[in-house]
Amino acid sequence: MKILCVIDDEGGLLFNHRRVSKDRILIEKVLEIVGNDKLYISSFSTSLFENKDHIVVDDDYLEHAQDHDYCFVEDKKLLAYKDKINMFYLFHWNRHYPSDFSLDYLPENAMQLKDSMEFVGSSHDDILLEVFEK
Amino acid sequence: MKLKFQRFLSAILLATLLLTGCASETTPKSEPKTSEVAQDKKTENKKQEEQKTTQNKEASTPVTTTPQTNFSLASIPAYSGKPYVVVNDNKPFFPNNLNNKPFESYSNLDSLGRCGVATACITKALMPTTKRGSIADVKPSGWQTVRYEVVGKGSAGYLYNRCHLIGYQLTGENANVKNLITGTRYLNIEGMLPFENMVTDYIKETNQPVYYRVTPVFDGNNLVASGVLMEAKSLADNGASILFNVFCYNVQPGVTINYANGTSSATSSAQPSPQQNTQKAQSKPQPAQSTPVNAAYIGNKNTKKFHRSDCRMVTRMSPANKVTFDNRDSAISQGYNPCKICNP
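This structure is a prediction, so every number in the text was calculated from the model and none was measured. (Residues numbered from 1 in each chain as written. Chains lettered and ligands numbered in written order. Predicted model: local features only at pLDDT ≥ 70, side-chain atom pairs only at ≥ 80, totals over all residues. Heavy atoms only, no water.)

With that settled, the discussion passes to the overall build of chain B. Scanning chain B for helices and strands turns up six helices and 16 strands. Residue pairs in contact within chain B that sit at least 24 positions apart in sequence constitute 67% of those at least 6 positions apart. On chain B, roughly 18,600 Å² of surface is accessible, and the fraction owed to carbon and sulfur atoms is 52%. (Helix = DSSP H or I, 4+ residues; strand = E, 2+ residues; numbered from the N terminus. Contact = heavy atoms within 4.5 Å. Areas by Shrake-Rupley, 256 points an atom, 1.4 Å probe, with all protein chains shown as cover.)

Glancing now at the interface of chain B and chain A. Taken residue by residue, the interface counts 34 residues in chain B and 38 residues in chain A. In this assembly, chain B packs against chain A so that about 2,800 Å² is buried in total across both faces, 45% of it on carbon and sulfur atoms. Where chain B touches chain A, the interface holds one salt bridge. Between the two partners, chain B and chain A, sit 13 residue pairs in polar contact (both at pLDDT 80 or more). (Buried area = accessible area lost by both parts, 1.4 Å probe. Salt bridge = Lys/Arg side-chain N within 4 Å of Asp/Glu carboxyl O. Polar contact = N/O pair within 3.5 Å; in protein donor to acceptor, adjacent residues only side chain to side chain.)

As a further point, take the sheet that holds strand 7 (residues 210–217) of chain B. Residue and element names in this part refer to chain B. Read across the sheet, six strands follow the order 1-9-8-7-3-2 without closing on themselves; strand pairing throughout is antiparallel. A strand with exactly one partner marks an edge of an open sheet, and here the two such strands are strand 1 (84–86) and strand 2 (103–106). This sheet shows a mean twist of 15° between the axes of neighbouring strands, independent of strand direction. Running at roughly 160° to strand 9 (residues 243–249), helix 4 (residues 185–206) makes contact with strand 1, strand 3 (118–122), strand 7, strand 8 (227–234) and strand 9 of the sheet. (Pairing = 2+ DSSP bridges. Axes fitted to C-alpha atoms, helices over the stretch in contact; angles between N-to-C directions.)

All names here are of chain B. The first and last C-alpha atoms of helix 4 sit 30 Å apart over 22 residues, in line with the 32 Å expected at 1.5 Å per residue. The sharpest bend along helix 4 measures roughly 45° and falls at Met192, with the proline Pro194 sitting one to four residues further on. Most of helix 4 sits out of view: 18 of its 22 residues are buried. Looking one or two residues beyond helix 4, the residue adopting positive phi is Asn207, at roughly 60°. (Expected span 1.5 Å × (residues − 1). Bend = angle between axes of the 7 residues up to and from the residue. Buried < 20%, exposed > 50% of the residue type's maximum accessible area, 1.4 Å probe, protein only.)

Before going further, it helps to spend a moment on the environment of A:Lys2. All names here are of chain A. Looking at where Lys2 falls in the secondary structure, it is placed in strand 1 (residues 2–7). C-alpha of Lys2 to C-alpha of Ser99: the two residues are 97 residues apart in sequence and 24 Å apart in space. Those residues in contact with Lys2, other than ones at most four positions away along the chain, are Asp67, His68, Asp69, Tyr70, Cys71, Asn86, Met87 and Tyr89.

This next bit is on the side chain of B:Lys305. Inspection of the secondary structure assignment puts B:Lys305 in strand 14 (residues 305–308). Other than its neighbours up to four places away in sequence, B:Lys305 contacts A:Leu113, A:Ser116, B:Ile298, B:Gly299, B:Asn300, B:Tyr336, B:Asn337, B:Pro338 and B:Cys339.

Structure, rendered in structure tokens:
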């Protein structure tokens, strides 16, 4: 499965059960990457995406996702599923936010960095995207 | 004669009373008349109602007094390594009817020259459009100028920052003595800044208001705050996006602070740095200067990226992947590319 995830400087994802930040252009990038392939999201993430046929809301997506499927991760731990991950699109806010839920699987320690690019978000000056592959 | 005069006076008195009673009657015909005493009570009740309404309106307008009735410094656990602690399960101590129109309010300094609570309903309209200017002329209560190597190198080593209660990026309030306290670099950068960032970016993204309050908490007559209570709530979605209530510690690891007057001393390993230049501490960190020639670089064997030694990517790097370089050329010649986060 292919993971898409966005973290702050400390790897943070959530604070007080709320996402640390959001950005409309980042979501557009996510959809651009996914194309028409299946994108799994949890019920927590539904407010970020419009209703589309290829977007599947499934709180157990880490169990169900197949090799070619994409998963947008905000509120899940990944370490137990690391062997299923074949690509990792890691976005960086380049900001420091408070967090009490963080990414537990760091692709830079186990996967090959294939590409990186920066772009300006709708409310973030400089978002970095790193693409890792196994 | 006398009796006739008395009767005449009584008649006049009675007539006067009757006329007064008619004039004060305001109740509709269908309702029983109220006595003057009852009328006074009704008027008094109406005044109390009006006062209550006014108070409710004032509750939603700038709060200038310490509003928390359930919070006390005694309830805060001792600092144990995390820059903040959650208070009241992250629920702010806000009143019910919050003003969602943009405003900002700063308490007057108290008799010891200390700041009080600062409150704002932050919208894009309040956010600054220009770069921050100097605040070096402001000396908040307990201010001292002292550096420690354990705090940082050069100008990043000053123990204290002039610390905005409501961050400049939120309301553009800069050299306002009512908005600046003597805060440690740790409080400023590790404690408060992440929360300010979260609120700022939410407002920039959604253009929706956030009710925001910061209260410096002083122990007794101390001139330096023990910490600040930060509370915030996004109003458009009743806190679904932004909701927090945290106490940020005004501490600096490696330094012991005398909160009575701001003096300090190093712990066994942290010695004060000599004052080598006249640079003043800024409220927020300045962008990194160009890298000295002999700085070490750290490479990641897996990603083939190299980083400055203080890059946050280095702290997350697996030790097995680390490789060091004395200079940029050495890293590049071995096929490593510069990190886009720390730009070595």
